[in-house]
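Letter by letter, the chains look like this.
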Amino acid sequence: MTQVHKPDVAVIGAGIMGSAIAQRLLDTGHGVHVFDIDAARVAALAAKGATGHASVAAAAGAAPFVILSLNRADIVEQAVFGPDGVACVAAPERMVIDMSSIDPGATKRLAERLKRETGMAFVDCPLSGGVPGALEGRLTVMAGGEPDHVERARAVMDDLCANYTRMGGPGAGQTTKLVNQLFCAVLFQAVAEAVKLAEAGGVDPAAIPVALSGGRADSRILGEFMAKFAARDYTPTGRIENMLKDLESVQAFAMATRTPLPMTSLVTEIHRLLQASGLGGRDTAEMMRLLDGTA
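Given the structure is predicted, the values throughout are model-derived calculations rather than measurements.

Draft legend 1. Main features of helix 4 (residues 73-81). Buried within helix 4 we find Val 76, Ala 79, Val 80 and Phe 81. The buried residues of helix 4 occupy an angular sector of 165° when projected down its axis, which confines them to one face.

Spelled out as structure tokens, the structure:
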């Protein structure tokens, strides 16, 4: 049987998600080149078979695909256009795949600038599925970019995703991610309140997902998180401050487009309360502390 060659990939940003993405790519036979400002994160992946680099440009220059897994639009811009950034090693065969969650407008501007100044492709690929989804290759990714660019990125994304969908041009993936985060944030709050209601009525909240399975209230969030919230299990799966960042992006987009989002606005304020209570860096399940009166 002929062995399929897997292209090398540079991963810029080795935080929780970036490290999981890099690990999955290693596991599926890709050569992985890593840069992060935290040398310990790079060393941890190097110990698993990745090649560590001292700059974005050095890592990006070693691979035809460059994945960004970063927290904010300004950091993404710096990684692409800053000193020793991706643009310093621009080449027609090289592609940026941005798996960060950032503002759709900023993404569109970055993609247009990169194409104008270097001719390189830029595909926005925000994800849903978290660390487990990345490690198991079952992420849901909403892609934005030119059709041939999105298709070309499959050489990498097919090893990371169970669901990879082009939503439109540059920025469309990020817009879809905002829709995803709106659903998640509102449903997380609904799960937390449902836990409290079940407890008040003497019902075991952990039994609720089974009882509602197949009904209209059934959802993956209900199935995955109700027992976790009920157990006050604060094992990290997603940080409150990251959700707040995304909710604030939703609000900014809604204001710019004059889109009314009353429930989302309330959930955003609840996340601000959690942040103000010192829980921003903690797991989403910590929202139970607010309802328990222990925040």
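Draft legend 2. Fine view of the packing of aromatic side chains. Tallied over the entire structure, the rule returns 3 aromatic pairs. An angle of 80° between the planes, with centres 4.9 Å apart, marks the rings of Phe 188 and Phe 225 as edge-to-face. In this pair, Phe 188 is assigned in helix 9 (residues 172-200) and Phe 225 in helix 11 (residues 220-230), connecting sequence segments 37 residues apart. By relative accessible area, Phe 225 is classed as buried at 13%. Summarising the aromatic geometry, the rings of Phe 225 and Phe 229 are spaced 6.2 Å apart at their centres and angled 70° between planes, so their arrangement reads as edge-to-face. Here Phe 229 and Phe 225 lie together in helix 11, a separation of 4 residues that amounts to about one turn. Look at Phe 229 and you get buried, because its relative accessible area is 0%. The cationic tip of Arg 113 hangs over the ring face of Phe 81; the distance from NZ or CZ to the ring centre is 3.8 Å.

Draft legend 3. Broad picture of the pairing of strand 2 (residues 32-35). With burial as the criterion, each face of strand 2 is covered, one bearing Val 32 and Val 34 and the other bearing His 33 and Phe 35. As judged from the 4 bridges shared by strand 1 (residues 9-12) and strand 2, these two strands associate in the parallel manner. Paired with Val 11 across the two strands is Val 34, which belongs to strand 2. Handedness of the crossover joining strand 1 and strand 2 through helix 1 (residues 16-27): right-handed. In this structure, strand 2 lies alongside strand 3 (residues 51-52), joined through 2 bridges in parallel fashion.

Draft legend 4. Quick look at the pattern of salt bridges. Taken as a whole and judged by the stated rule, the model has 21 salt bridges. Of the charged contacts, one joins Arg 72 and Asp 74 as a salt bridge, the two residues approaching to 2.9 Å between their closest N and O atoms. What makes Arg 72 partly exposed here is its relative accessible area of 44%. Take Asp 74: its relative accessible area is 44%, and that puts it in the partly exposed class. The shortest N-O distance in the salt bridge between Glu 286 and Arg 289 comes to 2.3 Å. Overall, the relative accessible area of 1% leaves Glu 286 in the buried class. By relative accessible area, which is 22% here, Arg 289 ends up partly exposed.

Draft legend 5. Quick look at the environment of Glu 286. Residue placement: Glu 286 occurs in the loop between helix 13 (262-276) and helix 14 (287-292). Sequence-wise, Glu 286 and Asp 158 are 128 residues apart; in three dimensions their C-alpha atoms are separated by 34 Å. For Glu 286, the contacting residues outside a window of four places in its chain are Tyr 234, Ile 240, Leu 274 and Leu 279. Within the local environment of Glu 286, its side chain forms a polar contact with the side chain of Arg 289, the two groups lying 2.3 Å apart.

Draft legend 6. A look at the environment of Ile 16. Relative to the helices and strands, Ile 16 is located in helix 1. Residues Ile 16 and Gly 238 lie 222 residues apart in sequence; the distance between their C-alpha atoms is 9.4 Å. Those residues in contact with Ile 16 that lie beyond four places of it in its chain are Val 131 and Arg 239.

What counts and what doesn't
Residues numbered from 1 in each chain as written. Predicted model: local features only at pLDDT ≥ 70, side-chain atom pairs only at ≥ 80, totals over all residues. Heavy atoms only, no water. Buried < 20%, exposed > 50% of the residue type's maximum accessible area, 1.4 Å probe, protein only. Helix = DSSP H or I, 4+ residues; strand = E, 2+ residues; numbered from the N terminus. Arc of directions from axis to C-beta. Phe/Tyr/Trp six-rings, centres within 6.5 Å; stacked < 30°, edge-to-face > 60°. Lys NZ or Arg CZ within 6 Å of the ring centre and 35° of its normal. Pairing = 2+ DSSP bridges. Right-handed = clockwise from strand over helix to strand, strands pointing away. Salt bridge = Lys/Arg side-chain N within 4 Å of Asp/Glu carboxyl O. Contact = heavy atoms within 4.5 Å. Polar contact = N/O pair within 3.5 Å; in protein donor to acceptor, adjacent residues only side chain to side chain.

Geometry only, nothing functional implied.
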